[in-house]
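Coordinate inspection notes
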Amino acid sequence: MLDPNIWVSEDMAMLSIFARLMFIGMISNADDEGKGRANIAYLKSTIFPYDEDISTRKVNEALKAISEHCSVEIYEVDGKQYYRFKNWKSWQKVEKPSPSQIPNPPQSFGEHSGNNRGKFGDESRLIR
């Protein structure tokens, strides 16, 4: 379920139209705890499966913008990238939630560490 306020959100307005569409795709692919896989190739193949003209670079740039402007945490566990919507429970009311198969973000000094974003701007992380 998308909150109608998404269309007037100042944070969303900072994203390109492509990044907004990807953000919505990430919501629809998140599990019941608001987490999902943030592997660039996976996101591209899941959200844009028939769009051959969309590059992994474009998806990478959109993910970086989403993590900078929206309440989405991008993190890494055991060399794999994931995302987590920080405000998921205030947006979504899942009646019978299934436990997530995705690991939680690593802890840093007792708080969630959301400062792993830079890894997505690194060209060596892109899958070609």
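These numbers come from a predicted model, not from an experiment. (Residues numbered from 1 in each chain as written. Predicted model: local features only at pLDDT ≥ 70, side-chain atom pairs only at ≥ 80, totals over all residues. Heavy atoms only, no water.)

**A few points about the packing of helix 2 (residues 17–29) against helix 4 (residues 56–69)**
Between helix 2 and helix 4, the least distance of the axes is 9 Å, while the angle of their chain directions is 80 degrees. Considering their axes alone, helix 2 and helix 4 lie roughly perpendicular with respect to each other. Residues Phe18, Ala19, Met22, Phe23 and Met26 of helix 2 pack against Lys58, Val59, Ala62, Leu63 and Ile66 of helix 4. (Axes fitted to C-alpha atoms, helices over the stretch in contact; angles between N-to-C directions. Helix = DSSP H or I, 4+ residues; strand = E, 2+ residues; numbered from the N terminus. Parallel < 35°, antiparallel > 145°, perpendicular 65-115°, else oblique. Contact = heavy atoms within 4.5 Å.)

**Notes on unusual backbone geometry**
For Asp78, which is not a glycine, the phi torsion comes out positive at approximately 55 degrees. With respect to the secondary-structure elements, Asp78 resides in the loop between strand 2 (72–77) and strand 3 (80–85).

**Remarks on helix 4**
If you check helix 4, its first and last C-alpha atoms are 20 Å apart, about what 14 residues at 1.5 Å a residue would give, namely 20 Å. When we look at burial in helix 4, the residues that qualify are Thr56, Val59, Asn60, Ala62, Leu63, Ile66 and Ser67. For helix 4, the angular spread of the buried residues around the axis is 165 degrees, confining them to a single face. Buried residues in helix 4 make contact with helix 2, helix 3 (40–47) and strand 2. (Expected span 1.5 Å × (residues − 1). Buried < 20%, exposed > 50% of the residue type's maximum accessible area, 1.4 Å probe, protein only. Arc of directions from axis to C-beta.)

**Observations concerning the packing of aromatic side chains**
Going through the model one piece at a time under the given rule, you end up with five aromatic pairs. Ring geometry for Phe18 against Phe48: centres 4.9 Å apart, planes inclined by 20 degrees, an arrangement best described as stacked. In this pair, Phe18 sits in helix 2 while Phe48 sits in the loop between helix 3 and helix 4, placing the two residues 30 residues apart along the sequence. Pair check on accessibility: Phe18 and Phe48 agree, each one buried. Ring centres of Tyr75 and Tyr82 lie 5.8 Å apart, and the angle between their planes is 35 degrees; this geometry places the pair in the tilted category. Using a relative accessible area of 1% as the deciding quantity, one classes Tyr75 as buried. (Phe/Tyr/Trp six-rings, centres within 6.5 Å; stacked < 30°, edge-to-face > 60°.)

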